[in-house]
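Summary of the model geometry
Here are the chains, one letter per residue:
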Amino acid sequence: MSAYLIIFFAGFAGSFHCIGMCGGLACALGRDPEGRGATVLRHLLYNTGRLTTYCFLGGLAGAFGQVICTPQGTTVPLLTGPLDTGQRILAILAGLLMIAMALQFFGLLPHLHRVTAGFGASTLAASLRSLLTAPGHAAPLAFGVFNGFLPCPLVYAFAAQAASTAGALHGFLTMAAFGLGTFPALLLMGGVGRALAPAWRQRGVWLAGSCILLLGLVTVGRGILPLAAHIAHGWSGGYPA
Amino acid sequence: MTGQDHALCSHCLLPIGRRAMQRTVNGEACAFCCYGCCIAYQVKNGKNEEWEAAWLLVRLGVGGFLSMNIMLFSLLLYTDAFSGADAAMLPWIHLLLWLFATPAVIILGGPFLRETWLNGKEGRLTSSALIVLGVGAAYLYSAFAVIERGPNVYFDTASMVLMLFTVGYYLDAVARARAARDLQPLLAAESEWATVVDGNGEFRRPVREVGAGTLVRVRPGERIPVDGVVKEGESHTDEAVITGESRQIAKDVGSQVIAGSLNLDGPLLIESSGAANATRWAQICRSVRDALICRSPSQRLADSIVGVFVPIILMLGVGASVYWAQRLAFDRALLIGLAVLVVACPCAVGLAAPMATSLGIGRLARRGCLVRDPAALEALARMRLIAFDKSGTLTSGETRVVAIDTDGATADVVLAHAAGLERYSEHGLARAVVAAAAARGLEPMVSRDVRVVPGRGIRGNSDGQTVAAGSAILMRELGWPLASGLAERGRLREATGHSVIYVGWGEGVRAVLSLDDTPLPEARATVEALRRRKVLAILLTGDLPVAAQRIAAAVGIESDGIEAGLLPAAKRAALERRRRNYGMVAMVGDGLNDAPVLAGADVGIAVGSATDLAREAAAVVLPPGGLWMLPWVVDVARAVRATILTNLAWAFGYNLIAVGLAMAGVLLPVLAAAVMAGSSIVVVLNSLRLERLPEPVPSAAADSAPPPRSTAVPVNSETLQAG
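Residues numbered from 1 in each chain as written. Chains lettered and ligands numbered in written order. Predicted model: local features only at pLDDT ≥ 70, side-chain atom pairs only at ≥ 80, totals over all residues.

1. Points about the overall build of chain B
Our working definition: Elements are defined by DSSP. Helices are runs of H or I of four residues or more, strands are runs of E of two residues or more, and each kind is numbered from the N terminus. It is the C-beta atoms, placed from the backbone, that decide contacts: two residues are in contact if theirs lie within 7 Å.
Of the regular secondary structure elements, chain B holds 24 helices and 24 strands. Long-range contacts, defined here as pairs at least 24 residues apart, represent 68% of the contacts in chain B between residues at least 6 apart.

2. What to know about the sheet that holds strand β22 (residues 585–589) of chain B
Cut-off, in case you're wondering: Strands are treated as partners if at least two bridges between them are detected by DSSP.
In spatial order, the strands read β12-β24-β23-β22-β13-β20-β21 (chain B); together these 7 strands make up an open sheet with mixed pairing. Looking at which strands have only one partner, the edges of the open sheet turn out to be β12 (370–371) and β21 (562–563) of chain B.

3. Here's the deal with the packing of helix α9 (residues 330–343) of chain B against helix α22 (residues 669–688) of chain B
All names here are of chain B. Put simply, the rule reads: For helices, the fitted line uses only the C-alpha atoms of the stretch in contact; every axis is such a line through C-alpha atoms, and the angle between N-to-C directions lies from 0 to 180 degrees. Here the angle decides the label: under 35 degrees means roughly parallel, over 145 means roughly antiparallel, 65 to 115 means roughly perpendicular, and every other value means oblique. Basically, the charged four are Asp, Glu, Lys and Arg, the nonpolar ten are Ala, Val, Leu, Ile, Met, Phe, Trp, Tyr, Cys and Pro, and anything else, Gly included, counts as polar.
Taken N-terminus to C-terminus, the directions of α9 and α22 make an angle of 5°; their axes are 8 Å apart at the nearest point. Classed by the angle they form, the pair α9 and α22 counts as roughly parallel. Residues Leu 335, Leu 338, Ala 339, Val 342 and Val 343 of α9 pack against Pro 669, Ala 672, Ala 673, Val 675 and Met 676 of α22. Among the residues making up the contact of α9 with α22, the classes are represented as 10 nonpolar, no polar and no charged.

4. A look at unusual backbone geometry
All names here are of chain B. Let me state the cut-off plainly: For the exposure call, what matters is how many other C-beta atoms sit within 10 Å of a residue's own: 20 or more marks it buried, 12 or fewer exposed, and in between partly exposed, using C-beta atoms placed from the backbone.
Of note in the backbone geometry, Asp 463 takes a positive phi value of approximately 55° without being a glycine. With respect to the helices, strands and loops of the structure, Asp 463 is situated in the loop between β16 (457–462) and β17 (465–470). Its identity is not glycine, yet Glu 507 carries a phi of approximately 60°, on the positive side. Inspection of the secondary structure assignment puts Glu 507 in the loop between β18 (499–505) and β19 (509–519). For Glu 507, a count of 11 C-beta atoms within 10 Å translates into the label exposed.

5. Concerning the sheet that holds strand β10 (residues 262–263) of chain B
All names here are of chain B. Read from one edge to the other, the open sheet built from 3 strands follows the order β8-β7-β10, with strand pairing classed as antiparallel. Lying at the two open borders of the sheet, with one neighbouring strand each, are β8 (248–251) and β10. Across 2 bridges, the pairing between strand β7 (residues 235–238) and β10 is antiparallel. Counted as the bridge partner of Asp 238 is Leu 262 from β10.

6. Considering the confidence of the model for chain B
Residues and elements named next belong to chain B. In plain terms, the rule: Known as pLDDT, the predictor's confidence for each residue is given on a scale from 0 to 100.
The predicted model of chain B averages 80 in pLDDT, with 89% of residues at 70 or higher. The low-confidence segment residues 1–5, where pLDDT is below 50, has 2 contacts with residues more than four positions distant or belonging to other chains. Ignoring residues within four places in sequence, the model shows residues 699–723, a span with pLDDT below 50, making 52 contacts including any to other chains. Interface confidence for the predicted complex, expressed as ipTM, amounts to 0.76; the pTM equals 0.72.

7. Description of the packing of helix α13 (residues 411–422) of chain B against helix α14 (residues 428–439) of chain B
Residues and elements named next belong to chain B. Note the cut-off: For any pair of crossing helices, the crossing counts as left-handed if the nearer helix is rotated counterclockwise from the farther one by less than a right angle, and right-handed if it is rotated clockwise.
At a minimum axis distance of 9 Å, the contact between α13 and α14 shows a crossing angle of 130°. As summarised for this structure, α13 and α14 are arranged oblique, according to the angle between their axes. Where α13 crosses over α14, the two elements pack in a sense that is left-handed. Contacts between α13 and α14 involve Leu 415, Ala 416, Ala 418, Ala 419 and Glu 422 from the first element and Ala 430, Val 433, Val 434, Ala 436 and Ala 437 from the second. Looking at side-chain class alone, the contact of α13 with α14 contains 9 nonpolar, no polar and 1 charged residues.

8. Notes on helix α11 (residues 374–382) of chain B
In terms of residue burial, α11(B) counts as a mostly covered element, since 8 of its 9 residues are buried. Among the residues of α11(B), those classed as buried are B:Pro374, B:Ala375, B:Ala376, B:Leu377, B:Glu378, B:Ala379, B:Leu380 and B:Ala381.

9. Concerning the confidence of the model for chain A
Residues and elements named next belong to chain A. Of the residues in chain A, 57% have a pLDDT of 70 or more, and the chain-wide mean is 69. Looking across chain A, the model is least confident in helix α10 (residues 226–235), with a mean pLDDT of 46, and most confident in helix α2 (residues 36–69), with 82. In this model, residues 72–80 is a region of pLDDT below 50 whose contacts with residues beyond four sequence positions or in other chains number 13 contacts. Taken as a whole, residues 228–241 scores under 50 in pLDDT and shows 2 contacts with residues more than four places along the chain or in a different chain.

Pasting the structure below:
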């Protein structure tokens, strides 16, 4: 449970980063002329769409991890429990990916930034502009769904984390926790429509980076550390190969 | 818009064939070759305020929202998240899935159903019918399962298949539009707008309404829409589309500009010199459009395969279901049939040729090389023998004085005497003599009583003595002695294929002028480059054998590849003979005199044709002075053919294996749909590799192997006086 809390917190902190891109889009979504209630509904729908995409990606990543790791179909709880070889490799890969994303948050690895953020984002965002002004409740929902697919290092990091859980449910929960974490800031953005002070944004980005770095290190550790214990366990006999 | 405009897809500019989708976007009637192009075009070009473009995205977004929810719950179901204590929730989860799936199937499946219905009314089965059938079966089975409280539902399959197909088609269309981007300027001549300036101001008018004498303003970065003369402004233009050479040409007041060239850096005011639809650019555009609409032989084959593809897949799918139903549970058998239906991808087969052909034709047309139809491109890629005409193709086509042999008089005096007479003649050789004198800055001698002696030459009076220029017979008739050295030189020159003119005055023959066509500087490099590409060059000409041999030696054609003294019909027969050994043969001519031979070859190639392109007998037209591009054109044609072949191999290989796997029951329908969506993208990406072909290199072609230039008069006639 505590792992999900960390993810939720990382999502919350990271969402100050999101204000750069998604926040701008949330602002552009604007207010509904039919009053405050309608505006809130509009932004709730937008965020629901976004959350759905994240959850879907999480579930998919988790199921993917499960398919390649545990043909037996057993799932393991997040951050604990014994792991088999495939899962350990996946954990190490996912952890390294998360560490790379975290370093990018700290302004390192500028080359990576172009790869993660530049991949067709502007084209996609430009095509979506027509949705912002479209009337009705379906448009903000659709907009949120597409928004969720916009390239974003945060999403990549947590999708990697979700894959390392090697279970659809855990993957789904990971991304759900992350998505819910981004809820408040983006809901706020839509309502207030005013950018936060850059200093606060920077602090949020560093905080999110730290959280991801921590989670990444733990994930990598999860892949490496039990190795010794695992072998010892294997030597003592009884562990099915 | 006319029916003609609709023959190409509004989005990707590929031919649409019979299965056009008609829509109105921004008030204009558009036609699309597939659903993907329809979406991509509206997303890209729909105005922001426009409800339709947004509505399409809203539908996709909501469809995505519903499908993702369905998929998420289904993933949890598949991974047994609802086993054990939560098993009681199963029927409710199924019901929830049904609730999500119904609008999703309606929203996402609508366009497929519509297409199936429209085609079905005309008695055609298209690939959308496979999707509708498969998805419909999965949905209906699952709905019954919910009512009957069955253990498994497949709403995820139904909605994800639709979602993947929609997204796959969309991505496909987006990638294909990159090919269209290159073709756009080549098709723009007819639909282009011009800024017309008159006394009352500036107006935007369709270019087809612009006539001669109209003033047209062209801003930097715009394409010049009409042929004309610059009246105001200075700029540089790039005429690559017309001449094939991409370089900046300075233009200022009084300069001629040609339609289709790009105005680079300054505003220009241009007075149109003719109707806009009669320019070479407009002709090029019409030719490119016609070529794109044409179907190549391999394309026709592919289309007929696609025609029987759908019914066969339908039978295979049903057959697989029936077969497996006797061995597995009914729902598993149904899924196997469904996987067969959605994994088969006729799109990849249908797309194998047109995309590569369009890219190739567009690529060539941007350098001014026009291809009349895709079949010519295929033939060009396969041919191993290329026959050249001599005059005007391998040579400049203009006769020039290449040597002057005298018995003591200086070349200048000889030329001045000869030019004094020949300027009164219209004969081709006479013009060459006058031009040679002018090139050396000589004043022709003043001559009186000039008389043409038909079939012999010309004579007159100058400085009180008779001057004559013409054949040896003329000199003999005049009774003038011919020095034996000079006579020997003359015979030698004639023996090597030159035309000779004897010049005499003061009761004696003083000199022999040798005239000939000179090979083009790039001819040798071109023949050499073709040989490196395993294409044999031969020479078919109506000229004398000696002349043919000299030119052939100069450009590097081997002596057994020369046939001279041929009438047009004989040229055609000679080509026919060679074809027996080489299969496909190409013929290069100037397009004026060789029309029958060009038409008789598998590929007729005209260089720098001045005639109306529409009446051109050649299938490939190179720009004036564009012989050096021939090896590059062959390269492009071969790359296009290789791409088509790999595309077809992939498309058929993919379908065989994928359908086989699906029938064996090892492919889940959702995975099958994803694989199918990817398969046509592979074809598109493979075709897009054609964009990376190198550009033709003019300097290398001319410089790498400097041809032995014939002795041109201004340079070295002095050295020839010795004779």
